[in-house]
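# Structural description and commentary
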Amino acid sequence: MRLHKQSGFVLVIGLMLLTVASGAVISGMSVNKYQERQAGNYVRTNNYEAGADEAFRRFENYEADSGSDDKKGWAEDIRAVVEDRLGGSEKGTIIFPREDDENWLPSDEREKRARERNGEEEQDEDGGDEDIKYAFTRAGIKEVVKLEGDRVKVAFWGEKRLSGYDENDASEDNNGRDVLQAVYSINNDEKSNDAYQDVLLGCEGVQVSGGGGINGNVRTLQPGAGVRLSGDANVDGNVTTMGTLYTDSSITGNILAGDDITLDAGGGYAYGGSIATTGSVFFENSAPAKGDVSANGDVEFNNAATVTGNVSVGGKVIFSNSSAYVSGDIESEEGTVNTANGKEIDKFAGGSVKVVSHTPVSSVNGGECNPQVFSDNKNTLAEEMDNLLATVATDAMGANKDIVVGNYPIGDGSLSPNGLTAFDKTWNVEKDVILAEATTADMPTFDKPVPVVRTQDLTLKNGELNVSGGDVVLLVDGDLTLGSGGGKGLTIDQGSTLTIFVTGETHIKSSTQMASVQATTNGRSTLSLYSTYEDSGSYSKGVLIDGSAQALANVYAPYANVSVTAGGGLRGSARGKTVTVGGGGEIEYVPRSTSGGGDESGENRGDNDSGWKLVGLSYGTVDD
């Protein structure tokens, strides 16, 4: 039997078919891999955009119900920080975030809600839920950049994962992307009825001495009005002055001045924010400055002070002490001078030392001493007081009398929506008697008619004057004196408030002890004082809080000199023609209520009231 020889043709054909099949399989795998990557990139891009969109929505609608109080606080806090840092910052400066700033939305609630929408169980503690951990994106703000004028650019972004990854693993890089930019115009003057935005506001000057801290912002309004902080008068906030600033104490926030700044605090103190002035800066002691320093005039180091940031001046930078040092760059129009020794100029700086043009510090914005708008008629306080004196009933009991509470035989008093009563200790009376009746009237800061008790001079001499029953308004067409003797003084029950309008002098004395009284009640300041008294000289005090009083009050007295010399201090705020603080008492800022009984949570504010106006919006990276 003859065997047929194999020529190899079948083998060749088979190998060709195998090659084609293998190529098809490999091509299909490559296409699938590409499509998988493309889908993953699409999902990640959507997540980044979703994160940016959510951050923008929370930032825009922070006054609305955001589902969680921490989200409302996040947006409010960032806006406040940006506003604080805006003054004195140069164009292009990243003013947020800085060290310790929280730029991400709180993540726990976002992850929980996302899991609920996707029907997923909670992730285990070790973060091992691989299927879910890539599906979420953190939402936040990449940066806020200062633009021209009062404008800022806010870049919103999302980050790769919300939780469950190893930050030390390079393969798990966050790949954060900013995909949404918003440009805002910030006008702080648009904030409605915010008479107490600053804890101490003096139209013509503020002076604090004798220890005690200031927990809040300090500001002056009129051209040339200065601020003097001495004797351990530390400020936990910003200082903005139309005139000069002298301080031998710490200031944690930003400093902005319309004239020279003298920094005379020693090494145990510090200046925590930026320093900017249209005048010059004099470092007379060794306290460090932890931000940038910018001056249209000179900056002189007459002691061993240090600056963590940069120094930029329109004049000269003068080193009269060889231990002074600037960690950043030194830029000046007229050069840098060393008058201390032969130390080389560049040894005074950690960065570069240059002679370049200086971007001038803008003039400090002032304001009217009495900008408060009390009604739809946009009345000032004086105009509103004239209206009240003309319209609130004068025929009610007590309206045309001087009243004294706590002077025998009149004992402890009670102030309520029904009127002012007190216990008469006369042997043949011995019962509560009516001293002043209440009438109903339209009053400033209230959105509906309220009970008003009208008197001439009102004095609480001894004992107690207790406020109860809800919101009570006093209209004192004369002088007001509280707590001049012993006893409990003025007390306010929980759930009640007292609003006082007074035409004469106000004196709050030692027996006024309000340390335990809550600051706000049902969205209103628990105690508010509006005074139209006008001081003609610098030595008279239209509003005086002294002795050992521990006062809780938001004081609005734009025509009066306000003096707080109480050892117990003041919780609230003070606005006056001038404001003087001494005696070692601390001043703690407490927000006032808005007109109509609202609070400052934003629930009664529109977009324009926030002072932030959206003027531009676009997608893309910051560099686009």
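One structure accompanies this document, and this report is about it. (Residues numbered from 1 in each chain as written. Predicted model: local features only at pLDDT ≥ 70, side-chain atom pairs only at ≥ 80, totals over all residues. Heavy atoms only, no water.)

### Re the overall build of the protein
Selection criterion: Secondary structure follows DSSP: runs of H or I at least 4 residues long count as helices, runs of E at least 2 residues long count as strands, and numbering of each begins at the N terminus. Residue contacts follow a heavy-atom distance rule, with two residues in contact if any of their heavy atoms lie within 4.5 Å. Shrake-Rupley sampling with a 1.4 Å probe provides the accessible areas, and residues are treated as covered by the protein chains on show and by no other component.
When you go through the protein residue by residue, the secondary structure sums to five helices and 44 strands. Sequence-distant contacts in the protein: of pairs separated by 6 or more residues, those separated by 24 or more amount to 48%. Put simply, the protein shows about 28600 Å² of open surface, and 45% of that area lies on carbon and sulfur atoms.

### A closer look at the packing of aromatic side chains
Here is the rule we go by: Any two rings among Phe, Tyr and Trp, with Trp reduced to its six-membered ring, count as a pair given centres within 6.5 Å; such a pair is stacked if its planes are under 30 degrees apart, edge-to-face if over 60, and tilted if neither. Relative accessibility under 20% of the residue-type maximum defines a buried residue, over 50% an exposed one, and the middle range a partly exposed one, all with a 1.4 Å probe and only protein chains included. For a ring to carry a charge above it, either NZ of a lysine or CZ of an arginine must fall within 6 Å of the ring centroid while also lying within 35 degrees of the normal to the ring plane.
Under the defined criterion, the tally for this structure stands at ten aromatic pairs. Ring centres of F59 and W612 lie 5.5 Å apart, and the angle between their planes is 75 degrees; on these two criteria the pair is classed as edge-to-face. Here W612 lies in strand β44 (residues 612-619) and F59 lies in helix α1 (residues 9-60), a separation of 553 residues in the sequence. Each of the two residues, F59 as well as W612, counts as buried. Among the aromatic residues, ring-to-ring pairing joins F56, F59, F156, Y184 and W612 into one connected group. The positively charged end of K343 is found above the aromatic ring belonging to F348, 4.4 Å away from the centroid. Between the NZ or CZ atom of R524 and the centre of the ring of F446, over which it lies, the distance is 3.8 Å.

### Some remarks on the nonpolar core
As a reminder, the rule being used: Note on terminology: a nonpolar core comprises buried Ala, Val, Leu, Ile, Met, Phe, Trp, Tyr and Cys residues joined through side-chain atoms within 4.5 Å.
Grouped together as the largest cluster of nonpolar side chains are 84 residues, with contacts concentrated most on L200, F283, F301 and L498. Setting aside anything within four residues of it in sequence, one finds F301 in contact with F283, V307, V317, I318, F319, S320, N321, A324 and V326. By size, the runner-up hydrophobic cluster in this structure holds 23 residues, among which are F56, W74, V154 and L180.

### Describing a nonpolar patch on the surface
As a reminder of what qualifies: In this analysis, a patch consists of residues with relative accessible area above 30% that form no salt bridge, clustered at 9 Å for like charges and at 5 Å for the nonpolar side chains Val, Leu, Ile, Met, Phe, Trp and Tyr. Here, a salt bridge means any Lys or Arg side-chain nitrogen found within 4 Å of an Asp or Glu carboxyl oxygen.
On the surface, a nonpolar cluster with roughly 320 Å² of combined accessible area is contributed by L11, L15 and L18. Its relative accessible area of 58% is what places L11 among the exposed residues.

### Let's talk about the pattern of salt bridges
Inspection of the entire model under this criterion finds one salt bridge. Ionic pairing is found between R454 and D477, a salt bridge with its closest N-O pair at 4.0 Å. One end of the pair, R454, is in strand β29 (residues 450-455); the other, D477, is in the loop between β32 (471-476) and β33 (480-482), with 23 residues separating them in the sequence.

### Considering helix α5 (residues 381-391)
For the record, the criterion: Our arc is simply the arc of the directions from the helix axis toward the C-beta atoms.
Three or more residues of α5 are buried, namely L381, E384, M385 and L388. Projected down its long axis, α5 carries its buried residues within an arc of 100 degrees, all on one side. Exposed side chains of α5 directed beyond 90 degrees from the buried face belong to D386 and A390. For α5, the elements touching its buried residues are β29, β32, β35 (497-502), β39 (527-531) and β41 (551-564).

### Here's the deal with the environment of T308
Within the secondary structure layout, T308 lies in the loop between β18 (306-307) and β19 (311-313). The residues contacting T308, other than those within four sequence positions of it, are A289, K290, G291, S327 and G328.

### Here we look at the side chain of T578
Topologically, T578 is positioned in strand β42 (residues 570-581). The contacts of T578, once residues within four sequence positions are left out, are G202, E204, G205, A560, N561 and V562.

### Overview of unusual backbone geometry
Here the residue pair F96 and P97 is connected by a cis peptide bond, since its omega of 0 degrees sits within 30 degrees of zero. Within the secondary structure layout, P97 lies in the loop between β1 (94-96) and α3 (107-118). The step from Y408 to P409 runs through a cis peptide bond, and the omega angle for that step is 10 degrees. Turning to its location among the elements, P409 is positioned in the loop between β25 (403-405) and β26 (410-416). Even without glycine at this site, D232 takes up a positive phi of about 70 degrees. Its place among the elements puts D232 in the loop between β9 (227-229) and β10 (239-241). Of note in the backbone geometry, T445 takes a positive phi value of approximately 75 degrees without being a glycine. Secondary-structure assignment places T445 in the loop between β28 (431-441) and β29. The exposure class assigned to T445 is buried, which follows from its relative accessible area of 2%.

### A word on the side chain of S312
On the secondary structure map, S312 appears in strand β19. Since its relative accessible area comes to 10%, S312 is described here as buried.

### Topic: the environment of G478
Tracing the chain through its elements places G478 in the loop between β32 and β33. A sequence separation of 25 residues divides G478 from T503, and the C-alpha atoms of the two residues are 5.5 Å apart.

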